[in-house]
Amino acid sequence: MKNVADAEASWAASGPSRKEDTTSGVWSCNEWDPLKEVIVGNPLNARFPHLDKSSHAAEYAHLPSDQIPTGAIPARIVEEAEEDLAATVQHFEGLGIVVKRPDTWPHDQEVTTPFWSTKGFYNYCPRDIFLVVGDQIIETPNTIRGRLLESYSYRKIMVEYLRAGAKWYSAPKPMLLDSLFDVDHAHPAPKNHEPVFDAANVLRFGRDLLYLISSTGNELGAQWLQTVLGDEFKVHVCRIDYQGSHIDTSVVALRPGLLLCNPERVKREMLPSIFDDWEIIYSPPMVGADRFDSDYLSNAIGSSWIDMNLFSISPELVVVDRDQLPLIRLLEEHGMEVAPLKLRHARMFAGGFHCTTLDTRREGTLESYFG
């Protein structure tokens, strides 16, 4: 593994670019420009998604209902998750990156509408709840009922960004009726009765966005997003050999011209033609799953590919699970520097470094990366 001290020192020493928008408090156009400010999640009071039709389809479509975990995530796991996130925060702050974190929230409280009642989930993954596009921050219409009010734990942060000039929107609050989830669990994308999607169904490439149809995002969600963003942006819909939740354990945008893809899920022809001239590299298999026992794995929300969920500090520097040495070697072969950190319970929470962060300010300009 390469020594990244020089790369980090060089990055941290760089001042704010004249290209970034420093007036709104929010400016992030892609997945890789140099990072200046980030929200890091909060695992405290985390619960497994309350079992209902929404969470069954979105997170556990492959399981019968009697095998789905319920209740609070064990306290030891939550404590260790917070230790690891705190170490991540310390690393970011050591590079001069501003870090914000959501409030601790009472996820055990009941959430009720006229149509259903449920309990909360967690605020471990800010990537799922908010989509930053330039100086705009969008609360997305999430598919799991227990996430209906999750954005409230970020409210103080959002008000700060609004006062600083950010454009803050919220998608239409979804009704999430049972009929939305009357789907074949082999193909569990919600029906197109209303727009629903998680922000983590989306990757940003400047003026182009890649949107995954999956158990957490339907076609009407992509249509709504295109309507809101307008003609300045293009939302490209894709379908891959993966029906469960988010795009960022299947496709990772490393820098202009280079994608990291999941070899079990993604073939080049599944991606929009805008990527025809891009280099695609395929991740090696993840290692280290043998550290978990069968009871742990039976409760884990995430897949064996969760450690592919890396996060870019700059086009040259990425945060990667320190045990994924084959993946680290692949990235280094392609000119990347790696900051090796650890989220011991990424699989339990279904959240790696990309999931647990929301980059709200990066340097750079809004560009098109395709001909």
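The rules behind each value
Residues numbered from 1 in each chain as written. Predicted model: local features only at pLDDT ≥ 70, side-chain atom pairs only at ≥ 80, totals over all residues. Heavy atoms only, no water. Helix = DSSP H or I, 4+ residues; strand = E, 2+ residues; numbered from the N terminus. Rg over C-alpha atoms; globule rule 2.2 N^0.38 Å. Contact = heavy atoms within 4.5 Å. Areas by Shrake-Rupley, 256 points an atom, 1.4 Å probe, with all protein chains shown as cover. Lys, Arg positive; Asp, Glu negative; His and termini not counted. Charge placed at Lys NZ, Arg CZ, Asp CG, Glu CD. Buried < 20%, exposed > 50% of the residue type's maximum accessible area, 1.4 Å probe, protein only. Core = buried A, V, L, I, M, F, W, Y, C linked by side-chain atoms within 4.5 Å. Pairing = 2+ DSSP bridges. Axes fitted to C-alpha atoms, helices over the stretch in contact; angles between N-to-C directions. Salt bridge = Lys/Arg side-chain N within 4 Å of Asp/Glu carboxyl O.

Asks: Give me the overall build of the protein: which residues, what numbers.
Replies: Scanning the protein from N- to C-terminus turns up eight helices and 17 strands. Taking 371 residues into account, the globule formula puts the C-alpha radius of gyration at 21 Å, and the protein, at 19 Å, falls close to it. On the principal axes, the C-alpha backbone points of the protein span a range of 50 × 45 × 40 Å. Partitioning the intrachain contacts of the protein with sequence separation of at least 6 by distance along the chain shows that 72% fall at a separation of at least 24. If you sum the accessible surface of the protein, you get close to 14,500 Å²; carbon and sulfur atoms cover 49% of it. One finds the centroid of the 35 positive side-chain charges in the protein at a distance of 2 Å from the centroid of its 53 negative side-chain charges.

Asks: If you had to explain the environment of Ile240 to someone new, which residues and values would you point to?
Replies: Along the chain, Ile240 falls in the loop between strand S10 (234–238) and strand S11 (251–255). You can call Ile240 buried: its relative accessible area is 5%. In contact with Ile240, other than residues within four places in its own chain, are Leu212, Ser250, Arg265, Val266 and Met270.

Asks: Any details on the nonpolar core? Residues and values, ideally.
Replies: Among the nonpolar cores identified, the biggest contains 41 residues, and Val38, Ile73, Phe92, Tyr124, Ile313 and Phe349 are the most heavily contacted of them. Of all the secondary-structure elements, those providing two or more residues to this core are strand S1 (35–40), helix H3 (75–94), strand S15 (317–321), strand S16 (337–341) and helix H8 (346–349). Counting residues per element, this core draws most heavily on H3, which supplies six residues. Discounting chain neighbours no more than four positions away, the residues touching Phe349 are Pro43, Ala46, Ile73, Ile77, Val78, Ala81, Tyr122 and Tyr124. The next biggest cluster of nonpolar side chains, apart from the first, holds 21 residues, and it includes Trp32, Leu212, Ile247 and Trp278.

Asks: Quick rundown of unusual backbone geometry? Include the residues and the values.
Replies: One non-glycine residue with positive phi stands out, namely Asn45, at about 65°. Mapped onto the elements of the fold, Asn45 is located in the loop between S1 and helix H2 (53–59). One non-glycine residue, Ser245, lies in the positive phi region at around 45°. Residue position: Ser245 is located in the loop between S10 and S11.

Asks: I'd like a rundown of the sheet that holds S16, residues and numbers included.
Replies: Reading across the sheet, the three strands line up as S14-S15-S16 and stay open at both edges, with mixed pairing between neighbours. In this open sheet, the two strands that pair with only one neighbour each are strand S14 (311–312) and S16. Summarising the sheet, S15 and S16 pair through five bridges and their orientation is parallel. Considered in S16, the bridge of Asp321 is made with Leu341. The sheet contacts of helix H7 (residues 325–333) involve S15 and S16, and relative to S15 the element is tilted by about 165°.

Asks: Describe the pattern of salt bridges, naming the residues involved and giving the relevant values.
Replies: Summed over all chains, the structure comprises 24 salt bridges. Between Lys36 and Glu363 there is a salt bridge; the shortest N-O distance is 3.3 Å. Remark: Glu363 occurs in the segment after strand S17 (357–362) and Lys36 occurs in strand S1; sequence separation between them is 327 residues. On the basis of relative accessibility, which here comes to 11%, the residue Glu363 falls in the buried class. Here Lys167 ties to Asp135 by a salt bridge, and the two come within 3.9 Å at their closest N and O atoms. Here the residue Lys167 occupies a position in strand S7 (residues 167–170), and Asp135 occupies one in the loop between strand S5 (130–133) and strand S6 (136–139), the gap between them amounting to 32 residues. By relative accessible area, which is 40% here, Lys167 ends up partly exposed.

The quantities given are spatial measurements derived from coordinates; they are silent on function.
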